[in-house]
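Below are the chains, spelled out letter by letter.
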Amino acid sequence: MQSFTTLKGLAVPLMRANVDTDAIIPKQFLKSIKRSGFGVNLFDEWRYKDAGFPGQDPATRQPNPDFVLNEPRYQGAQVLIAGENFGCGSSREHAVWALDDYGFRSVIAPGFADIFHNNSFKSGLLPIVLDKPIVEKLATECAEREGYQLDIDLEAQTVTTPDGEVHPFEVDSFRKYCLLNGFDDIELTLQQRFRIEAYEERRRTSAPWLFDSIDSRSP
Amino acid sequence: MTGKTLYDKVWDAHVVHQQEEGTVLLYIDRHLVHEVTSPQAFEGLQLAGRKPWRTSSMLAVADHNVPTTDRAGGITDPVSRLQVETLDANCEAYGVVEFKMNDLRQGIVHVIGPEQGATLPGMTVVCGDSHTSTHGAFGALAFGIGTSEVEHVMATQTLLQKKSRNMLVSVDGQVGPGVTAKDIVLAIIGRIGTAGGNGCTIEFAGEAIRALSMEGRMSVCNMSIEAGARAGMIAVDDTTIEYLKGRPFAPTGDMWDAAESAWRELQSDADAQFDEVVRLDAADIEPQVSWGTSPEMVTSVNGHVPDPSADDYASKREGYQRALDYMDLAPDTPMIDIMLDRVFIGSCTNSRIEDLRAAAAVIRERKVADTIKQAMVVPGSGLVKRQAEEEGLDKLFMAAGFEWREPGCSMCLAMNADRLQPGERCASTSNRNFEGRQGQGGRTHLVSPAMAAAAAIAGHFVDVRHF
Ligand code: SF4
């Protein structure tokens with residue numbers, strides 16, 4: 001996993017509430033069996049006027065000039081300032097992969113849907129929850145000032161504005177540790193193999209029907 | 001010491017190890033797999049040279065991409081076909097049991113798990129799919145995960161999790177005739193909002209929930225995620241036990257007896273404390289119809305499209321206006337005046353036998369309205385389809401002008417060929433009315449199966465109680 005320590009990046013505001021994963025990456029792109037290449041179709045139905053399908057040449061598409069990501073001043077943005085309950089809907093990690101592939105490294109919002117929040121950490125995309133009035137203020141400042149960059153420090157757990165205002169944020173210590181170091185949590189879990197085996201052994205005695213499963217009556 | 005909730009009990013029984021700051025290594029009993037969210041996980045496993053920890057915990061099926069028309073010729077879309085073939089190849093390579101596309105038992109993953117008895121009370125059940133919450137109807141702790149977590153479960157049989165808060169949603173009293181599980185859950189989401197359950201596991205309780213069949217309970221738990229909760233649960237009772245008896249993967253003999261007595265404990269203690277409690281009076285719930293682009297944007301069939309300029313909606317004005325623009329609806333339009341183009345009866349919310357019976361019962365020798373371009377019924381599994389055919393439901397539907405299809409996700413998310421054209425309006429028994437969900441530019445109204453069937457016949461929404 002890619003690590004996350006500090007970032008100073010151009011921000012872009014997208015303050016709609018309940019931005020769902022179908023909006024972030026529409027279903028037709030989930031047919032891919034790869035983890036990469038989703039960035040060109042991020043927010044596809046908002047970003048383009050024509051219907052999108054897998055394998056198109058992006059050069060042939062008709063961008064929607066009214067959509068914020070298409071404004072020249074936001075090209076190269078790395079921080080998305082978003083509305084409440086960002087990432088609601090399906091469990092598709094493709095939503096995170098699309099944001100990441102596009103170039104975003106962090107999303108700041110008043111709140112995230114649970115699965116999206118979980119998924120973000122797995123790809124090194126840092127979700128930051130700040131109070132709604134603060135997020136709204138950042139979004140307003142960002143819209144007003146071209147080149148608005150935010151400074152994010154994961155170790156210190158702070159977001160700093162160009163004016164030097166510092167906003168602390170919470171992050172789970174274990175996730176922070178994994179993200180700072182870019183650790184693969186499967187490897188960390190497998191170091192506890194003996195605990196998993198011991199658990200299984202206990203459960204096989206107390207609830208054997210949980211193990212008498214699919215194989216034994218397979219077709 | 002206060003008592004435990006149902007969620008506390010199932011959670012506690014699965015803690016392998018408690019790490020610092022509340023992160024828990026949680027054991028996973030059942031891992032359901034489908035073609036869309038698994039390929040990258042299998043690939044990750046392979047690249048790291050790992051093997052699945054316990055393939056006997058896994059059951060795989062292709063459901064999202066499969067065609068619902070004749071399958072003899074396979075899948076025409078090469079991209080969809082590759083995804084399904086990739087699942088077949090991965091299951092073959094790792095020895096995972098899979099119900100292939102032409103297996104009678106194939107169907108939507110959240111329909112076949114319970115149908116096969118692969119979902120059992122007290123289990124932890126995961127799947128790379130947010131509607132895994134469905135399985136909570138059995139007193140299981142079931143939730144959707146992303147692809148990285150799918151890989152984590154494959155490799156370790158565990159997940160790193162933090163415990164959610166406990167929320168109780170109690171639906172007290174009895175619903176009136178013609179009001180279904182779908183109406184109950186839409187009314188709940190209308191009340192608490194689409195983020196109302198964020199960070200919570202919801203236990204659904206109360207007389208109206210107890211009175212539901214397992215099919216109805218699954219419809220309710222299915223949409224927990226639409227209220228922001230990853231998991232929804234319902235306590236085990238006779239209804240649960242009766243449903244499971246004799247299912248292919250359910251225990252038998254002495255093992256059944258031992259399991260049954262353990263399952264009977266799966267209820268919240270009388271003195272259990274919930275972090276949040278919401279109560280609804282069942283008698284107040286009318287048949288529901290969604291009007292917007294989020295499941296919380298819902299009202300009674302006898303209601304109206306809201307007016308975003310009303311003072312009550314000040315904080316939601318922008319979102320409501322955007323939704324009305326997308327849905328092409330004017331404020332204050334009576335719901336019953338909304339004309340439809342298509343009707344979809346299916347999805348993991350409402351494609352079980354009881355749903356199809358409820359829809360068929362509405363028809364009474366009437367026909368789908370001429371103004372409806374297409375009305376389709378997509379059973380949740382091959383076994384549901386066969387059962388419905390044995391009961392003659394297919395003939396009732398087809399005589400009325402509905403199409404009778406092969407099982408799969410179909411127009412719930414339009415990954416296969418079944419989809420809305422831009423601007424088309426659909427009455428759908430599925431769970432999401434997001435922009436573009438059923439096809440780019442398509443407009444979705446969520447309803448119960450009976451309401452969908454009635455709407456197909458009338459050409460617009462009607463109160464199924466007087467139809
Ligand atoms: S029926 Fe719809 S909601 Fe259910 S699993 Fe399939 S796509 Fe997802």
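Note that this is a predicted model, so its numbers are computed, not measured. (Residues numbered from 1 in each chain as written. Chains lettered and ligands numbered in written order. Predicted model: local features only at pLDDT ≥ 70, side-chain atom pairs only at ≥ 80, totals over all residues. Heavy atoms only, no water.)

Thoughts on the pairing of strand β8 (residues 158–162) of chain B
Residues and elements named next belong to chain B. For β8, the buried fraction is high: four of the five residues fall into the buried class. Of the pairings in the sheet, the one linking strand β2 (residues 23–27) to β8 comprises five bridges and is antiparallel in character. The residue of β8 that forms the bridge with Tyr27 is Thr158. (Buried < 20%, exposed > 50% of the residue type's maximum accessible area, 1.4 Å probe, protein only. Helix = DSSP H or I, 4+ residues; strand = E, 2+ residues; numbered from the N terminus. Pairing = 2+ DSSP bridges.)

Describing the nonpolar core
Of all hydrophobic cores here, the largest spans 110 residues; its most connected members are Leu141, Val169, Val171, Phe204 and Trp263 of chain B. Beyond its immediate chain neighbours, meaning those up to four positions away, Val169 of chain B contacts Ile188, Ile202, Glu203, Phe204, Ala205, Val278 and Leu280 of chain B. By size, the runner-up hydrophobic cluster in this structure holds 109 residues, among which are Ala139 of chain A together with Tyr326, Phe397 and Ala454 of chain B. (Core = buried A, V, L, I, M, F, W, Y, C linked by side-chain atoms within 4.5 Å. Contact = heavy atoms within 4.5 Å.)

Re empty space enclosed by the protein
As enumerated under the stated definition, the model contains three cavities of 30 Å³ or more in all. By volume, the largest cavity amounts to about 220 Å³. Taken together, 24 residues line the largest cavity, and the ones lying closest to its centre are His64, Asp129, His131, Leu413 and Arg437 of chain B. Of the residues belonging to the lining of the largest cavity, the class tally is eight nonpolar, eleven polar and five charged. In this structure, the second largest cavity occupies an estimated 100 Å³ of space. Looking at the second largest cavity, it is lined by 16 residues, and the ones nearest its centre are Cys88, Gly89 and Ala113 of chain A together with Ile225 and Gly228 of chain B. Here the residues of the lining of the second largest cavity are counted per class, giving seven nonpolar, seven polar and two charged. (1 Å grid on protein atoms, 1.4 Å probe; cavity = no way out; pocket = protein on both sides within 12 Å on 5 of 7 lines; lining within 4 Å. Points joined across faces, edges and corners; volume = space filled by probe spheres on them. Nonpolar A, V, L, I, M, F, W, Y, C, P; charged D, E, K, R; others polar.)

Notes on the pattern of salt bridges
Applying the stated criterion across every chain yields a total of 43 salt bridges over all chains. Between Lys122 of chain A and Asp185 of chain A there is a salt bridge, and its shortest N-O distance comes to 2.8 Å. Of the two residues, Lys122 of chain A sits in helix α4 (residues 114–122) while Asp185 of chain A sits in helix α7 (residues 185–190), which places them 63 residues apart along the sequence. In this structure, Arg50 of chain B and Glu187 of chain A form a salt bridge, with 2.8 Å as the shortest nitrogen-oxygen distance. A residue pair is termed interchain when its members come from two chains, as with Arg50 of chain B in the loop between α2 (39–47) and β4 (58–61) and Glu187 of chain A in helix α7. With a relative accessible area of 40%, Glu187 of chain A lands in the partly exposed category. (Salt bridge = Lys/Arg side-chain N within 4 Å of Asp/Glu carboxyl O.)

Points about the domain arrangement of chain A
Much of the literature gives interface size as the accessible area that the parts lose upon coming together. Examined at the domain level, chain A breaks down into domain 1 (6–182) and domain 2 (184–219). Here the C-alpha centre of domain 2 of chain A lies 37 Å away from the C-alpha centre of domain 1 of chain A. (Domains from an automatic or database assignment.)

So, the packing of aromatic side chains
Scanning the entire structure with this criterion turns up 21 aromatic pairs over all chains. Geometrically, the ring pair formed by Phe86 of chain A and Phe112 of chain A is edge-to-face, given 6.3 Å between the ring centres and 85° between the ring planes. Residue Phe86 of chain A is located in the loop between β2 (79–82) and α3 (94–102), and its partner Phe112 of chain A is located in the loop between β3 (106–109) and α4; the two are separated by 26 residues in the primary sequence. Take Phe112 of chain A: its relative accessible area is 7%, and that puts it in the buried class. Plain terms: the ring middles of Phe397 of chain B and Phe402 of chain B are 5.4 Å apart, the flat faces sit at 75° to each other, and that makes the pair edge-to-face. (Phe/Tyr/Trp six-rings, centres within 6.5 Å; stacked < 30°, edge-to-face > 60°.)

Description of unusual backbone geometry
Even without a glycine there, the phi angle at Asn18 of chain A is positive, about 55°. Mapping Asn18 of chain A onto the fold places it in the loop between β1 (6–14) and α1 (21–24). The phi dihedral of Asp328 of chain B is positive, around 55°, even though this residue is not glycine.

Let's talk about the site of the ligand
Residues and elements named next belong to chain B. Taken together, His64, Ile108, His110, Asp129, His131, Ser347, Cys348, Cys409, Cys412, Leu413, Asn431 and Arg437 make up the full set of residues near the ligand. Structurally, the ligand is housed in the largest cavity. Looking at the shell around the ligand residue by residue, the class counts come to five nonpolar, five polar and two charged. (Near = heavy atom within 4 Å. Sits in = over half its atoms within 2 Å of the grid points.)

Thoughts on the environment of Leu6 of chain B
Residue and element names in this part refer to chain B. Here Leu6 shows up in helix α1 (residues 6–12). On the basis of relative accessible area, Leu6 is assigned to the buried category, the value being 0%. Linking Leu6 and Gln267, residues 261 residues apart in sequence, is a C-alpha distance of 4.9 Å. Not counting chain neighbours up to four residues away, the residues in contact with Leu6 comprise Gly139, Glu203, Met233, Ile234, Ala235, Leu266, Gln267 and Ser268.

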